[in-house]
Structures are given as structure tokens and as C-alpha cells.
Amino acid sequence: MFCRNQTSRATVARGSAMEMEVKRGRFRLSMLEDSAEDCEVQRQIEMEVRIREGACKLLAACSQRDQALEASKTLLTSNSRILALMTQLQRMKEAQAMQRAERRSSDGGSVDQRLPCSGKIAISDIRIPLMWKDSEYFKNKGELHQCAVFCLLQVGTEIHDTDLVIVDRTLTDICFVEPVIFTDVPPGFDLRVELYSCCVEEEFNTGFSTRRLSRLGSASSKKFMASLETAASCSSQSSGTRSGESSPRGESPVLLPVLSERGPKYHLLAHTSLTLCHVQNSFRTHDLTISDTEESSFWLPLYGNMCCRLVAQPLCMTQVVMCGKLRIRSETNPEDWRDVYSVLSGSDLKCYQQQDDADSLETPLFTIPINKETRVCARERDPALHTHSITIINQCGDETTHTILTHSSEDTHNWMEAFWQHFYDMSQWKQCCKELMKIEEPSPKKMVVVTKQGSLYHEMVTPPSTQTRNHLLSPNRPVSSEIQSLLSTYYDNSY
């Protein structure tokens, strides 16, 4: 249960550490004013609430199976985003309050802790093999069992869903080829992959009654937000509720009030978690945890593995860490000082004749490797050189040493800080800093036909979101203008 201060709009979870600090008199609730980051999270929550309401309305108005499956998928995805955002907002409030308390109780200054850079990760070519019985696949016997499946992928509060795929015994693999990209990800990320399944039936319940639909249409987002805060609570069990399904996350979730929508229901079929150690510039196989049994209607004979390509691009590999004019010499030719414009980025210190060459991406005059084997140290003021210097020693193969002169002691300090931060970033991102991994951007959505496949290597194209958008917003569909407006806003923001 949340306790809200109406003056400062501060949200405090009852029984939390933040509420205990308030009771002890460490600080007042009036100090908990919303920051710009808090307001952005609240704005995202309100947008997802409107999308949830629009999906419920669409689910009630659906007359086609594909419409209902897509609307139910949108509803589950929106619920997941609301849960993640509400949990994040609660953590941010508690962290802000604890920081204020520590600042007042601390006698000394704050300790400067170095933080690693963030990065971008991408998962693509997800392939989940199926293990049908011989009588079903080869002899084509028995009732044709069809399921609609999709993947939900989450890192923190960033959640993406894949396209919907219809699976039956004619398929040997479930494929999601398109890359899904996450931005601003720390090296300690936890990418959760969840596979949801829904039994496809020719006859399905198509939604609300007319009375229920009108009642939902009259509800405002503010009232729904109030009900979210009232229903939010912390659970002592290490499981969460997502659209009526259990989630094996090890955290205390915020519980959503469930709208009694009808229509297709997706169930968690399998899941896995991927971390930095799973990043590799090639395909890898990962174990899946299967969440249900063969008796379930949405069951599919999973082999228990998932093949995918997970790559990462840390910012230290793609952006300039430090740049400026330097004088550099090599120990092999100690009299040959060269005035260059140097750029520290990735695993190299690139040296150009002038800044324009670096801006135009010309080939550098020479390059000094910077990796985990490199040693960098600052020298005291040398009487012969009349300035401070930096020595770079590389021990890969034959040892090479370079001496760097800067224009002032301040420049020397700034370059040394850049080197230490760069080494720290590389130590945290590990194998991702050996070489720059390629991330392919998602291809433009096109109107394509779903093709059947017989093996892992056959191409399968899934129904694109653009096709779904055009289909749902078609004027021939029995959907009100209000629902079309909500869906148009959702798809424009998402794609």
C-alpha cells in the first residue's frame, strides 16, 4: 500500500526503509519532491495505462482471431511495462530519501566511486527447437494443435516484444529473426527472455459485454492511476504476477488491479536470463526453464534450449573517450618528437596530423594499442623535458614504449583520468572490448506472407507490426474512432 503526500506528491511504500526514516525524524516528506527523472517515469506509466485501456477496448470489439491475439499480446506487454515502471519509481524514491539521510548523518565528504560506462546490447536470430512425437510430425496423425507464441524481452524497465508466430506440428523451430536492441544498459545487465503461448481455437470469446465496454470507456487515466497506487504492495514471496501469470523473478513486485477482460490468454511457457558472460560475437545455445506441463492447452514440446546471437557495444568502444593535441615519441627513436592530434576510443589511441583528419575519419599516422595489457603511468616533472609526461608501455609481443607530453599539468591529469576510466570500463565489459561487435538495425517492416518451414535453416518471416497496425486501424474494421486514436498514438510512439 502506498502512502501519498498530496503536497509534494511523494510516494512512500508502507513498511519500507524510507517510511522508517520518516518516522525517526531524519527528514520530512515535504523534501521528497519529484525530480525530472521521476516525472518522466510517471509520464511513461500514464502512457502505458492509456495503451492498456485501449487494448481492453479493442479486445472487446474484435471480430477476428488475429485481432484478438494481437490485442491480448499488447495488453500483456503493457501490463509488464507498468509493473516494471512502478517498481522503478518506488526504488528511485527510496534511493533519493536514503541519500539525503546519509548526507546529513555523514561527517566527511562523499566517497568518489568510479562508475562504468553504459552500452547497447542486441539479441537476434532467436531459434527455439521443438521436439514433436514421430506420429505427429512424420505421420501427420492426430488433431492439429496450434498455438500463438511470442517472446517478451526485458532489461530493467525497457521491455520489447517480438512478432507473433503461429506454431503447429509442421514446424520444427520457433524463430524470431529480427534484432531487439536495448540502449543505456550497464555491464551488470540481466536480460530476461520469456516465451508466452496461447492455444488458438476457432471459437473464442470476443470480449466485454456492451455494458462493461461503456463503463471502461468512461474511466479516466487519473482514476486508474489512483487504483494502481492503492493496489500496489510488496510481496514476501519471490514471485510476481504478470497479467494473471506467475513470474519467477526474485523481487517484490507491484500488483496491478486486474481488469476482467475476455479473449485469448497468454501463459508463460519458458524463460531464461542472459548476462554479460553470455555475450559473444556468434551464435550460442542457452538452457530454457520450462514453466508448465504437457497437460496444459498452450503446451508445446520444447527441446529445452534456445539459440540466439547476443552482442554488446559499450560506449567506450563507440564514442571518443578523450582527444587533444599531444607530443609523442617512441623509445625506438627517442629524438623523433611528433606533434599530433590524438583520439582515445575503443582499443586504440589514434594519432592524426591534425584535427580535421580525425573529423573526416582519415587513416591515422600511427596507432598505439590500448588494452588490458597496457601500462600507463605519469612521470614527475622532467628537467630535460620541462613538463610532466605520460608513459605508455605495451607488453604484447615485443615491448614498446611511448612517451607523451601535454601542454600543462592539468592536461596531464585529464589524460590520466581518461586512461584510468577507460581501463575500468574495459575491465567491467570484459570480452566486449576485445573488438567492436556489429549490431544490425531492425529492418523496415514490410507486408509479407508467413511461410512454413521444415528445419532450422529454412527462412521464416513473421507477421510484421506495420501490417498489424494497418489492419487494426482499417476503416472497415468495427472499431470506434476513440480506439483508433489510442492505437495510432501507441504505434507511432513504438515504431
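Residues numbered from 1 in each chain as written. Predicted model: local features only at pLDDT ≥ 70, side-chain atom pairs only at ≥ 80, totals over all residues. Heavy atoms only, no water.

- As annotated in an unreviewed UniProt entry, the protein chain carries the name Rhotekin isoform X2 and is attributed to Carassius auratus.

## So, the pattern of salt bridges
Phase 1 of the analysis: Evaluation of the coordinates by the stated rule reveals eight salt bridges.
Phase 2 of the analysis: Between Asp339 and Arg327 there is a salt bridge, with its nearest N and O atoms 3.1 Å apart. Linking Asp339 in strand 17 (residues 333–345) with Arg327 in strand 16 (residues 322–330), this pair joins segments that are twelve residues apart in sequence. (Salt bridge = Lys/Arg side-chain N within 4 Å of Asp/Glu carboxyl O. Helix = DSSP H or I, 4+ residues; strand = E, 2+ residues; numbered from the N terminus.)

## Re the packing of aromatic side chains
Phase 1 of the analysis: Applying the stated criterion to the full structure yields five aromatic pairs.
Phase 2 of the analysis: A ring pair is formed by Phe419 and Phe423, whose centres lie 6.5 Å apart and whose planes are at 25 degrees; its orientation type is stacked. Note that Phe419 and Phe423 are positioned in helix 9 (residues 409–429) at a spacing of four residues, about one turn of the helix.
Phase 3 of the analysis: When its relative accessible area of 15% is taken as the criterion, Phe423 is described as buried.
Phase 4 of the analysis: Here a set of aromatic residues connected by ring pairs shows up, and it is made of Trp415, Phe419, Trp420 and Phe423. (Phe/Tyr/Trp six-rings, centres within 6.5 Å; stacked < 30°, edge-to-face > 60°. Buried < 20%, exposed > 50% of the residue type's maximum accessible area, 1.4 Å probe, protein only.)

## Overview of the pairing of strand 17
Phase 1 of the analysis: Across eight bridges, the pairing between strand 16 and strand 17 is antiparallel. Within the sheet, the bridge partner assigned to Ser330 lies in strand 17 and is Asn333.
Phase 2 of the analysis: In this antiparallel pair of consecutive strands, strand 16 and strand 17, the connection spans two residues.
Phase 3 of the analysis: Relative to strand 18 (residues 348–352), strand 17 is paired through five bridges, and the arrangement is antiparallel. Among the inter-strand pairings, Ser342 is bridged to a residue of strand 18, identified as Cys351.
Phase 4 of the analysis: The hairpin turn running from strand 17 into strand 18, its antiparallel successor, is two residues long, and Gly346 in that turn takes a positive phi close to 65 degrees. (Pairing = 2+ DSSP bridges.)

## Quick notes on unusual backbone geometry
Phase 1 of the analysis: Of note, the phi angle at Asp125 is positive, near 50 degrees, even though the residue is not glycine.
Phase 2 of the analysis: Within the fold, Asp125 resides in strand 3 (residues 119–129).
Phase 3 of the analysis: Positive phi values are uncommon outside glycine, yet Leu361 reaches one of about 60 degrees.

## Comments concerning helix 9
Phase 1 of the analysis: The end-to-end C-alpha distance of helix 9, which contains 21 residues, comes to 30 Å, matching closely the 30 Å that a straight helix rising 1.5 Å per residue would cover.
Phase 2 of the analysis: Along helix 9, the residues classified as buried are Thr412, Trp415, Met416, Ala418, Phe419, His422, Phe423, Asp425, Met426 and Trp429.
Phase 3 of the analysis: Once helix 9 ends, the next one or two residues include Lys430, with phi positive near 50 degrees. (Expected span 1.5 Å × (residues − 1).)

## Some remarks on the environment of Asn305
Phase 1 of the analysis: Relative to the assigned elements, Asn305 resides in strand 15 (residues 305–314).
Phase 2 of the analysis: For the pair Asn305 and Ile128, spaced 177 residues apart in sequence, the C-alpha separation works out to 6.4 Å.
Phase 3 of the analysis: Beyond its immediate stretch of four places on either side in the chain, Asn305 contacts Ile128, Pro129, Thr285, His286, Asp287 and Leu288.
Phase 4 of the analysis: Here the side chain of Asn305 touches Asp287 through a polar contact of 3.0 Å, side chain to side chain. (Contact = heavy atoms within 4.5 Å. Polar contact = N/O pair within 3.5 Å; in protein donor to acceptor, adjacent residues only side chain to side chain.)

## Overview of the pairing of strand 18
Phase 1 of the analysis: Two elements, strand 18 and strand 19 (residues 366–369), share four bridges in a ladder whose sense is antiparallel. Bridging across to strand 19, Leu349 finds its partner in Ile368.

## A look at the nonpolar core
Soluble globular proteins: nonpolar side chains tend toward being buried together.
Phase 1 of the analysis: Core analysis: the largest hydrophobic core is formed by 67 residues, its most contacted members being Ile123, Ile174, Leu191 and Leu300.
Phase 2 of the analysis: It is helix 9 that provides the largest number of residues to this core, a total of seven residues.
Phase 3 of the analysis: In contact with Ile123, not counting residues within four places along its chain, are Leu153, Glu178, Pro179, Val180, Leu191, Val193, Leu274, Cys308, Arg309 and Leu310.
Phase 4 of the analysis: Membership of the second largest hydrophobic core comes to 13 residues, among which are Leu76, Ala148, Ile159 and Val200. (Core = buried A, V, L, I, M, F, W, Y, C linked by side-chain atoms within 4.5 Å.)

## A look at the confidence of the model for the protein chain
Phase 1 of the analysis: Chain-level statistics for the protein chain give a pLDDT mean of 76 and a share of 65% at 70 or above.
Phase 2 of the analysis: In this model, residues 205–221 is a region of pLDDT below 50 whose contacts with residues beyond four sequence positions or in other chains number 28 contacts.
Phase 3 of the analysis: Taken as a whole, residues 447–480 scores under 50 in pLDDT and shows 71 contacts with residues more than four places along the chain or in a different chain. (pLDDT = per-residue confidence, 0-100.)

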